[in-house]
Amino acid sequence: MCTHIDSSEHSVDVIITEQGIADLRNLAPLKRAEAIINNCVHPDYKEFMRSYLKSCDRGHIRHNLRRCFELHHNLMERGEMLPGLTM
């Protein structure tokens with residue numbers, strides 16, 4: 001998880017993490033999000049991220065402001081991002 005990125009989502013072509021590579025070139029916003037989840041998100045967080053994406057409104061930029069900081073709030077309040085997750 002990155003705490004800060006100085007690029008807009010439109011200027012990023014490829015994301016490389018320790019989990020894999022997501023080639024985002026020529027993908028629509030929803031397909032870009034799916035490629036990032038499928039290729040770059042840690043396996044323990046993929047289901048949460050898919051659930052978050054499904055909860056977002058349709059539109060060009062999809063965000064669910066009620067849920068977007070859920071992992072951060074869990075960490076601050078409970079000391080773990082996904083309660084009950086054992087790594």
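Keep in mind it's a predicted model, so treat the numbers as computed, not measured. (Residues numbered from 1 in each chain as written. Predicted model: local features only at pLDDT ≥ 70, side-chain atom pairs only at ≥ 80, totals over all residues. Heavy atoms only, no water.)

Draft legend 1. Expanded view of a nonpolar patch on the surface. Taken together, the side chains of Val14, Ile16 and Ile21 make up a nonpolar region of the molecular surface, amounting to roughly 300 Å² of accessible area. Along the chain, Ile16 falls in strand S1 (residues 14-17). The exposure class assigned to Ile16 is exposed, which follows from its relative accessible area of 64%. (Patch = residues over 30% accessible without salt bridge, like charges linked within 9 Å, V, L, I, M, F, W, Y side chains within 5 Å. Areas by Shrake-Rupley, 256 points an atom, 1.4 Å probe, with all protein chains shown as cover. Salt bridge = Lys/Arg side-chain N within 4 Å of Asp/Glu carboxyl O. Helix = DSSP H or I, 4+ residues; strand = E, 2+ residues; numbered from the N terminus. Buried < 20%, exposed > 50% of the residue type's maximum accessible area, 1.4 Å probe, protein only.)

Draft legend 2. The packing of helix H1 (residues 29-40) against helix H2 (residues 43-55), seen in detail. Packing of H1 against H2 leaves a shortest axis separation of 10 Å and a crossing angle of 165 degrees. The orientation of H1 relative to H2 falls into the category roughly antiparallel. Classified by chirality, the crossing of H2 by H1 is left-handed. Taken together, the residues of H2 that come into contact with H1 (itself represented by Leu30, Ala33, Glu34, Ile37 and Asn38) are Lys46, Met49, Arg50 and Leu53. Of the residues in the contact of H1 with H2, the class split is five nonpolar, one polar and three charged. (Axes fitted to C-alpha atoms, helices over the stretch in contact; angles between N-to-C directions. Parallel < 35°, antiparallel > 145°, perpendicular 65-115°, else oblique. Left-handed = near helix turned anticlockwise from the far one by under 90°. Contact = heavy atoms within 4.5 Å. Nonpolar A, V, L, I, M, F, W, Y, C, P; charged D, E, K, R; others polar.)

Draft legend 3. Highlighting H2. Along H2, the residues classified as buried are Tyr45, Lys46, Phe48, Tyr52 and Leu53. Residues of H2 that are buried sit in contact with H1 and helix H3 (70-78).

Draft legend 4. Region of interest: the confidence of the model for the protein chain. On average, residues of the protein chain carry a pLDDT of 83, and 82% of them reach 70 or more. Mean pLDDT in the protein chain bottoms out at H3, which sits at 89, and peaks at strand S2 (residues 20-23), which reaches 96. (pLDDT = per-residue confidence, 0-100.)

Draft legend 5. The side chain of Arg32, seen in detail. In this fold, Arg32 is placed in helix H1. Look at Arg32: it is buried, it has no salt bridge, and the nearest opposite charge is Asp13 at 5.5 Å. A polar atom in the side chain of Arg32 sits 2.8 Å from the backbone oxygen of Val12. (Lys, Arg positive; Asp, Glu negative; His and termini not counted. Polar contact = N/O pair within 3.5 Å; in protein donor to acceptor, adjacent residues only side chain to side chain.)

Draft legend 6. Structural context of unusual backbone geometry. The backbone of Asn26 shows a phi angle near 65 degrees, a positive value even though the residue is not glycine. Looking at Asn26, the relative accessible area reads 83%, which means it is exposed.

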